[in-house]
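For reference, the chains in residue letters:
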Amino acid sequence: MTILSFTILIGLGSFVAGFLGALTGLGGGVVIVPLLALVFHVDIRYAIGASLISVIATSSGAAAAFVREGYSNIRVGMFLEIATTIGAIVGAMIATYVTTSTIGIVFGLVLLYSAFLSSRPQPNVPVDASPDRFATALKLNGTYPVGNELRPYTVHRIPLGFSLMFGAGTLSGLLGIGSGALKVIAMDQAMRIPFKVSTTTSNFMIGVTAAASAGIYLSRGYVDPGIAMPVMLGVLAGSLMGARVLVRARTKWLRLVFSVVIVVLGLEMIYNGFTGKL
Amino acid sequence: MTHPALDDRRIEIIIGNLLRAGVLLAASVVLLGAAVYLVRHGLQPADFRTFRGEAAALRTVPSIVIGATHLHGKSIIQLGLLLLIATPIARVAFSVIGFADERDYLYVALTLVVLGVLLYSLLGSGVA
């Protein structure tokens, strides 16, 4: 295969991944690494480097649209970014010490877990209005629009949320993914932040988290311009287009199909990891 | 002053636009590099199966900039990727100014910690 046709194929694959990721809300980054490693037989270290770059592009590209809606909480985001960025550096360091097979197996498990999470119905976490001393001191409480009014919410269990965020950052740095799903769980389930605020704030944090490990990957020579270029441009174009048609699309079936794809990729990553093919 | 010049909402909107501008700039530079790279190397065989690690010229900021000024396609792409990595870092740096303007010194300090971690990662890894 020539470099030209390889570039076009990877660009198209990344476009579809970004498009479906935005439509289903599952993020395109999570399928980029298995797509490159299993379908295009790219070395998993190059795949992770390229994926990390694409994660920064989609997070930053979508931020302007999310900000206008007025849901994201910049104080919560900034405070928790202390945990995610330190976690991301730790993850990127672990990545140099473990074998590519281990990374493949961990990646497969994370894929299966993401599919499991998306298949569950949205748990309805009750709004807990009792004040939290720590949250008040850190000025984390905020308001979010419901209809025409601004509804206040309080933030809870900050040490637990902070620890989960460290874990999300570590996975992001180790696997080159945004770990948006885990970030949302930390905010929505643990810290009792409204779901819409959690998802938009998580998107805001993903780019900063990925930037913390991207420099380490680049300096180690894991970012190949020939691979990162079509992946970044493809995922970015796909996710921007996906966000546009999101309003009109019926996403229930798409989510199901995409979840099945994620399960298959996850099992294949684990199998290839155990058989040493990665 | 009872009303700071920048409230949370305005800071967020400026930050959102800053991020979008950064991504568009980075994507344009990557596209330009892609054109040069594909015109020169497009018909060569592709081999990304084996991991060799990138050449030293594509690993650090100074050498990438030098390569880009010599119009090397791969260096121009890498420069675009560096601009992309710099975009969220610029966002954090701008947030420091925003919180300082609000006289929210607790968050000036917390944001400086995040900025410090990001810079530690960049400088410690030897990219910059």
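To start, this report covers the structure provided alongside it. (Residues numbered from 1 in each chain as written. Chains lettered and ligands numbered in written order. Predicted model: local features only at pLDDT ≥ 70, side-chain atom pairs only at ≥ 80, totals over all residues.)

1. Considerations on the overall build of chain B
Per the secondary structure count, chain B includes four helices and zero strands. Along chain B, helices and strands appear, N-terminal first, in the series α-α-α-α. Counting only C-alpha atoms, chain B reaches 65 × 30 × 25 Å along its principal axes. Residue burial in chain B is summarised as follows: out of 128 residues, 41% are buried. Across chain B, the fraction of contacts at a sequence separation of at least 24, relative to all contacts at a separation of at least 6, is 62%. (Helix = DSSP H or I, 4+ residues; strand = E, 2+ residues; numbered from the N terminus. Buried ≥ 20, exposed ≤ 12 C-beta atoms within 10 Å, placed from the backbone. Contact = placed C-beta atoms within 7 Å.)

2. Some points on the overall build of chain A
The secondary structure content of chain A amounts to 11 helices and two strands. Going from the N terminus to the C terminus, chain A shows its helices and strands as α-α-α-α-α-α-β-β-α-α-α-α-α. Relative to its length of 278 residues, chain A is compact, with a C-alpha radius of gyration of 18 Å against a globular reference of 19 Å. Principal-axis analysis of the C-alpha atoms places the extent of chain A at approximately 60 × 45 × 30 Å. Burial status across chain A gives 59% buried among its 278 residues. Restricting to contacts in chain A with at least 6 residues of sequence separation, those with at least 24 account for 80%. (Rg over C-alpha atoms; globule rule 2.2 N^0.38 Å.)

3. A short note on the nonpolar core
Ranked by internal contacts, the top residues of the largest apolar core, which has 127 residues, are Ile53 and Met232 of chain A. Per-element tally for this core: the top contributor is helix H3 (residues 44-69) of chain A, with 13 residues. (Core = buried A, V, L, I, M, F, W, Y, C linked by C-beta atoms within 7 Å.)

4. A word on helix H10 (residues 225-245) of chain A
Relative to the 30 Å expected for 21 residues at 1.5 Å per residue, H10 of chain A spans 30 Å between its end C-alpha atoms, a close match to the ideal helical length. Of all 21 residues that make up H10 of chain A, 15 are buried, and the element is covered over most of its length. (Expected span 1.5 Å × (residues − 1).)

5. A few points about the interface of chain A and chain B
In this complex, chain A contributes 50 residues to the contact, which on the side of chain B involves 56 residues. Contributing elements (two or more residues each) for the side of chain A that touches chain B: helix H1 (3-24), H3, helix H4 (74-97), helix H9 (195-219) and H10 of chain A. Counting residues per element, the side of chain A that touches chain B draws most heavily on H3 of chain A, which supplies 10 residues. Split by residue class, the side of chain A that touches chain B holds 32 nonpolar, 13 polar and five charged. (Nonpolar A, V, L, I, M, F, W, Y, C, P; charged D, E, K, R; others polar.)

6. Observations regarding unusual backbone geometry
Glycine aside, residues mostly have negative phi angles, and peptide bonds mostly take the trans form. Positive phi outside glycine occurs at lysine 139 of chain A, with the angle close to 55°. Considering the arrangement of structural elements, one finds lysine 139 of chain A in the loop between helix H6 (133-137) and strand S1 (142-146). Of note in the backbone geometry, leucine 71 of chain B takes a positive phi value of approximately 60° without being a glycine. Mapped onto the fold, leucine 71 of chain B is located in the loop between helix H2 (61-69) and helix H3 (73-101). For leucine 71 of chain B, a count of 12 C-beta atoms within 10 Å puts it in the exposed group.

7. Quick notes on the pairing of strand S2 (residues 149-153) of chain A
Remark: a regular strand shows side chains that alternate across the two faces of the sheet. All names here are of chain A. Pairing of S1 with S2 involves five bridges; the strand directions are antiparallel. The partner of tyrosine 144 across the bridge, within S2, is arginine 151. In this antiparallel pair of consecutive strands, S1 and S2, the connection spans two residues, and glycine 147 shows a positive phi of 60°. (Pairing = 2+ DSSP bridges.)

8. Quick look at the packing of H1 of chain A against H10 of chain A
Residues and elements named next belong to chain A. Direction vectors running N to C along H1 and H10 enclose 35°, while the axes themselves pass 6 Å from each other. Here H1 runs over H10; the crossing is right-handed. Split into classes, the residues belonging to the contact of H1 with H10 amount to 18 nonpolar, 10 polar and no charged. (Axes fitted to C-alpha atoms, helices over the stretch in contact; angles between N-to-C directions. Left-handed = near helix turned anticlockwise from the far one by under 90°.)

9. A few points about the packing of H9 of chain A against H3 of chain B
Across the interface, H9 of chain A lies against H3 of chain B with an axial gap of 9 Å and an inter-helix angle of 125°. By the criterion of interaxial angle, the relationship of H9 of chain A to H3 of chain B is oblique. Regarding H9 of chain A and H3 of chain B, the two cross each other, and that crossing is left-handed. Seen from H9 of chain A, the contacting residues are Gly207, Val208, Ala211, Ala214 and Gly215 of chain A; seen from H3 of chain B, they are Ile85, Pro88, Ile89, Arg91 and Val92 of chain B. (Parallel < 35°, antiparallel > 145°, perpendicular 65-115°, else oblique.)

10. Describing the environment of leucine 23 of chain A
Following the sequence through the fold, leucine 23 of chain A ends up in helix H1. Linking leucine 23 of chain A and alanine 168 of chain A, residues 145 residues apart in sequence, is a C-alpha distance of 22 Å.

The quantities given are spatial measurements derived from coordinates; they are silent on function.
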